[in-house]
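# Tertiary structure, described
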Amino acid sequence: GWVQPFGDTPLDNEPVGETVYMHLINRAKDYVYINTPYIIIDNEMITALTAAAKSGVDVRIVTPAISDSALVHEMTRSYYETLILAGVKIYEYTPGMVHAKTFIADDRSAVVGTINLDYRSLYLHFECGVWMSGVSAIQSVREDFLATQAVSQEISLDDARRFSKSKRLYHALLRAFAPLF
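Overview of the structure.

## Here's the deal with the environment of Tyr79
- Following the sequence through the fold, Tyr79 ends up in the loop between α3 (70-77) and α4 (80-85).
- Residue classification places Tyr79 among the buried positions, given a relative accessible area of 2%.
- Separated by 93 residues in the primary sequence, Tyr79 and Ala172 place their C-alpha atoms 9.5 Å from one another.
- A polar contact of 3.2 Å, which involves the side chain of Tyr79, links it to the backbone oxygen of Ile41.

This is the structure we're talking about:
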């Protein structure tokens, strides 16, 4: 197999982290499992995740139920309805804060690194990761994801829509300022 460490810098206008993530999502045939502490994504990432789910790929995302930032947590939750409507399964890790950043696709490739699924991490920060293909460590990453999901609560469409009108308006306002978070 292959193990390729990589770095991403905001100084070269080459979004390596996003490119690697998009590659995994777009090539997936069976599943994509994602652990991320934050979901603050642009239209391209929304389109990739929702298109994968709509095409029959099992897309699951685990985020924390307890976040290190209330504002960012609400921003993350503002994406739930859109993703769930497309067939993406969202889970919140209930024991506490989960800060893992992993992507696993089809038991054949995975990424473990520092890259959050948020605008700042994808475009503005110095980040690093390891892309793996065809190595036994991918199974360990998958098992870790499934163990994390097992103690997480699935968020239903009703859950995502249960917010008050004022909270939904707040979410819409937050999304307008997503690149600042």
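## A look at the pairing of strand β2 (residues 31-35)
- Within β2, five of the five residues are buried, leaving the element largely enclosed by the surrounding structure.
- Residues Tyr31, Tyr33 and Asn35 line one face of β2 and the alternating positions Val32 and Ile34 line the opposite face, and both faces are buried.
- Note that β2 and strand β4 (residues 58-64) share five bridges and pair parallel. Each residue of the ladder has a partner; that of Tyr33, found in β4, is Arg60.
- Here β2 runs beside strand β6 (residues 102-105); their pairing, made up of four bridges, is antiparallel. Of the residues in β6, the one forming a bridge with Val32 is Ala105.

## So, the pattern of salt bridges
- What the rule picks out here adds up to seven salt bridges.
- For Asp107, the salt bridge identified is with Arg142, shortest N-O distance 3.1 Å. Linking Asp107 in the loop between β6 and β7 (109-113) with Arg142 in helix α6 (residues 137-150), this pair joins segments that are 35 residues apart in sequence.
- The exposure class of Asp107 is partly exposed, given its relative accessible area of 42%.
- With a shortest N-O distance of 2.8 Å, Arg162 and Asp159 are connected by a salt bridge.

## With respect to the environment of Trp2
- Tracing the chain through its elements places Trp2 in strand β1 (residues 2-8).
- On the accessibility criterion, Trp2 (63% relative accessible area) is exposed.

Cut-offs used in this document
- Residues numbered from 1 in each chain as written.
- Predicted model: local features only at pLDDT ≥ 70, side-chain atom pairs only at ≥ 80, totals over all residues.
- Heavy atoms only, no water.
- Helix = DSSP H or I, 4+ residues; strand = E, 2+ residues; numbered from the N terminus.
- Buried < 20%, exposed > 50% of the residue type's maximum accessible area, 1.4 Å probe, protein only.
- Polar contact = N/O pair within 3.5 Å; in protein donor to acceptor, adjacent residues only side chain to side chain.
- Pairing = 2+ DSSP bridges.
- Salt bridge = Lys/Arg side-chain N within 4 Å of Asp/Glu carboxyl O.

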